[in-house]
Structures are given as structure tokens and as C-alpha cells.
Amino acid sequence: MMLHIPDVLSPDQLGDIRRALTEASWQDGAATAGAQASQVKQNRQLPADAPQSQIMADMVTTALKAHPLFVSAALPHIILTPRFNAYEGGGHYGNHVDSAIHYDPLKNISVRTDVSCTVFLNDPEDYDGGELIIEDTYGAHEVKLSAGDAILYPSTSLHRVEPVTRGVRLASFLWVQSMVRDDSRRQMLFDLDMTILKLRQKVGDSPEVVTLTAHYHNLLRQWADL
């Protein structure tokens, strides 16, 4: 499931993050990529232990946890510490699939990556290129969202970032170990949850809505991998 999540970060939060990034000490993004990915990765990345990085990561994590669409779609069990990157001057990231297991040095844990997430930190008008291309069984999908919006997609997806030919593309990226590892089951639970919410708005907590809610929780209970 690929899902656009609007308004994760507020304009004030975006302003604070962008100001912090202008003062940050970046490193070569290839240093944190695997042997294969490092051959196609050209960007800058903020070290995980940088003071600015930890403050901004907490801000992004808190905002995502408070967003009902993110919670419903990702069903997060563990959210890895968000990271930050910048693409400019032709910077790009070629086709790759995210590693199945990621180590979070700040939390000192290894996590299975079920869901990938990118939060865009500046507007599309600020740069040319930089589209996130995500491939699935229906083809390639081009993603370039407004500042503060996020895209959620399965970590099993082949994806890339197109070269940035003008300006700078700023983003936060992270991975989630979901309570439900199977993407198709997460999709079904998300669709059911959204249907229940719409029905509640129309008819309240009718017996039928209560029954559907019970089915949702029983399926989650059956499929949850904790």
C-alpha cells in the first residue's frame, strides 16, 4: 500500500527544521548505504548522533504518532529514529530496495523494515527533479509532495530518487516495523478502519458499526506479530 499523508508537520515545525538543517554538519550519504546501494547513492545525510538530528527526529516521530492516517496505515510497533538528507547539484539515489533489517544506533536495536516513509521538508517549487519513484505491480509512481506531507510505502518496493538539477531537496526518511508485517493485510485493515470511521460519521455507533469494529480488532489480534 502506498499512501499520501498530508500535513504531518506544521509550517512552524518546518521552519524550525529547515533553520536547523542550514547550520548542520552533513556527511556523505553513501557512508550509511550498503555495498550495492552505495554505488548508486549521491546525497548528503545528517549524522544520526548530531544534536540537531536528535531534536528534529523527536519532532517528526511525535508528529507521525499523532497522525491518525499514519497510525492506521502503518500500525507501528517500532519506529526507527528518523534521518535527514539533502539532494542537490545532480544528487540522486538509483534503484534500490531498502535493507530488510536496520540497526538504530540511538535506540540500540535492530528492526525489521516493513514500511518506508519519506517526509518532504520543502516545497516542489524549491527544486527541479528529485521525484521519488516507487515501483509496484501497477507500474512506476512519481511522488513529489508539498512541504510537511509524507509518503508511506512498503519497504519491499523498488524505488529511487531522480537527480536534483536545481535547488535543494530536503527530506526526512524512516522505517517502521509494523504490528502486521504483511502489506496486503495492512491494506485490508486500513480499508476496514476507514470504512468504519465513515460509517460512524453517518450513523453513529450502530450495531452494524460495532460488529465491524469487532471484526477489525479480531483480525488485528489474529495477524499482529508482537
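Every residue gets a number counted from 1 within its own chain, in the order that chain's sequence is written. Owing to the predicted nature of the model, reporting of local features is limited to residues with pLDDT of at least 70; listing and counting of side-chain atom pairs is limited to 80 or more, with chain, interface and lining totals taken over all residues. Derived side-chain values reflect all non-hydrogen atoms in the structure, with water molecules and hydrogen atoms excluded from consideration.

Regarding the UniProt feature "binding site: 2-oxoglutarate" (unreviewed entry) in the chain
In step 1: UniProt positions are given in the numbering used here, feature names are shortened, and annotations may be inferred rather than shown by experiment. In the numbering used here, UniProt assigns the "binding site: 2-oxoglutarate" (unreviewed entry) feature to Arg169.
In step 2: Runs of E in the DSSP output that reach at least two residues are strands. Runs of H or I that reach at least four are helices, and both are numbered from the N terminus. In this structure, arginine 169 sits in strand S16 (residues 164–178).
In step 3: Contacts were defined at the residue level, with two residues in contact if any of their heavy atoms lie within 4.5 Å. Residues in contact with arginine 169, not counting those within four places in the same chain, are Asn85, Ala86, Tyr87, Thr118, Phe120, Asn122, Tyr127, Gly130, Leu132, Val161 and Val164.

Re the pairing of strand S9 (residues 109–112)
For a regular strand, side chains alternate in direction, first toward one face of the sheet and then toward the other.
In step 1: Pairing between strands is defined by DSSP: at least two bridges between them are needed. Taken together, the 4 bridges between strand S8 (residues 101–104) and S9 define a ladder with antiparallel strand orientation. Of the residues in S9, the one forming a bridge with isoleucine 101 is arginine 112.
In step 2: Between the antiparallel neighbours S8 and S9 lie 4 residues, among them asparagine 108 with a positive phi of about 55°.

Some words on the layout of surface pockets
In step 1: Put simply, the grid is 1 Å and covers the protein atoms alone, a cavity is a trapped set of points that fit a 1.4 Å probe, a pocket is an open set with protein on both sides within 12 Å along at least five of seven lines, and lining residues have an atom within 4 Å of a point. Grid points are joined across faces, edges and corners, and a volume is the space filled by probe spheres set on the points. When its volume is computed, the second largest pocket comes out at roughly 160 Å³.
In step 2: In terms of lining residues, the second largest pocket is bounded by 14 residues, among which Thr113, Asp114, Ser155, Thr156 and Arg181 are the most central.

Concerning the environment of glycine 139
In step 1: As for its placement among the helices and strands, glycine 139 is situated in strand S13 (residues 139–143).
In step 2: Taking the C-alpha atoms as reference points, glycine 139 and glycine 15, 124 residues apart in sequence, are found 35 Å from one another.

Details of the environment of methionine 59
In step 1: Checked against the element boundaries, methionine 59 lands in helix H2 (residues 51–65).
In step 2: Expressed as a C-alpha distance, the spacing of methionine 59 and proline 82, which sit 23 residues apart in the sequence, is 9.4 Å.
In step 3: If we ignore the near neighbours within four places in the chain, the residues touching methionine 59 are Leu9, Gln13 and Ile17.

Observations regarding the sheet that holds strand S3 (residues 41–42)
In step 1: Ordered by their spatial adjacency, 5 strands build an open sheet running S3-S7-S15-S12-S13, and the pairing between neighbours is antiparallel. In this open sheet, the two edge strands, each paired with only one partner strand, are S3 and S13.
In step 2: As paired strands, strand S12 (residues 132–136) and strand S15 (residues 158–161) are joined by 4 bridges and run antiparallel to one another. Each residue of the ladder has a partner; that of isoleucine 134, found in S15, is histidine 159.

A look at the pattern of salt bridges
In step 1: By definition here, a salt bridge exists when the distance from a side-chain nitrogen of Lys or Arg to a carboxyl oxygen of Asp or Glu is within 4 Å. Taken as a whole, this structure holds 10 salt bridges when the rule is applied.
In step 2: Between arginine 44 and glutamate 88 there is a salt bridge; the shortest N-O distance is 2.6 Å. One end of the pair, arginine 44, is in strand S4 (residues 44–45); the other, glutamate 88, is in strand S6 (residues 83–88), with 44 residues separating them in the sequence.
In step 3: In this scheme, a residue with accessible area under 20% of its type's maximum is buried, one over 50% is exposed, and one in between is partly exposed, where area comes from a 1.4 Å probe on protein chains only. Accessibility expressed as a relative area gives 30% for arginine 44, which makes it partly exposed.
In step 4: Take glutamate 88: its relative accessible area is 35%, and that puts it in the partly exposed class.
In step 5: A salt bridge links arginine 160 to glutamate 135; its shortest N-O distance comes to 3.0 Å. A residue pair is termed long-range when its members are at least 10 positions apart, and arginine 160 in strand S15 and glutamate 135 in strand S12 qualify at 25 residues.
In step 6: Take glutamate 135: its relative accessible area is 27%, and that puts it in the partly exposed class.
In step 7: Each of the salt bridges in this network shares a partner with another, and the network as a whole consists of Arg112, Asp114, Arg181 and Asp225.

Topic: H2
In step 1: A rise of 1.5 Å per residue sets the reference length of H2, with its 15 residues, at 21 Å; its end C-alpha atoms lie 22 Å apart and thus fit the reference within 8%.
In step 2: Every buried residue belonging to H2 is among Ser53, Met56, Ala57, Met59, Val60, Thr61, Ala63 and Leu64, and all of these are buried.
In step 3: Along its buried surface, H2 packs onto helix H1 (11–22), helix H3 (68–74), strand S5 (76–79), S6, strand S10 (115–120) and S16. A helix's residues, less one, multiplied by 1.5 Å, set its expected span.

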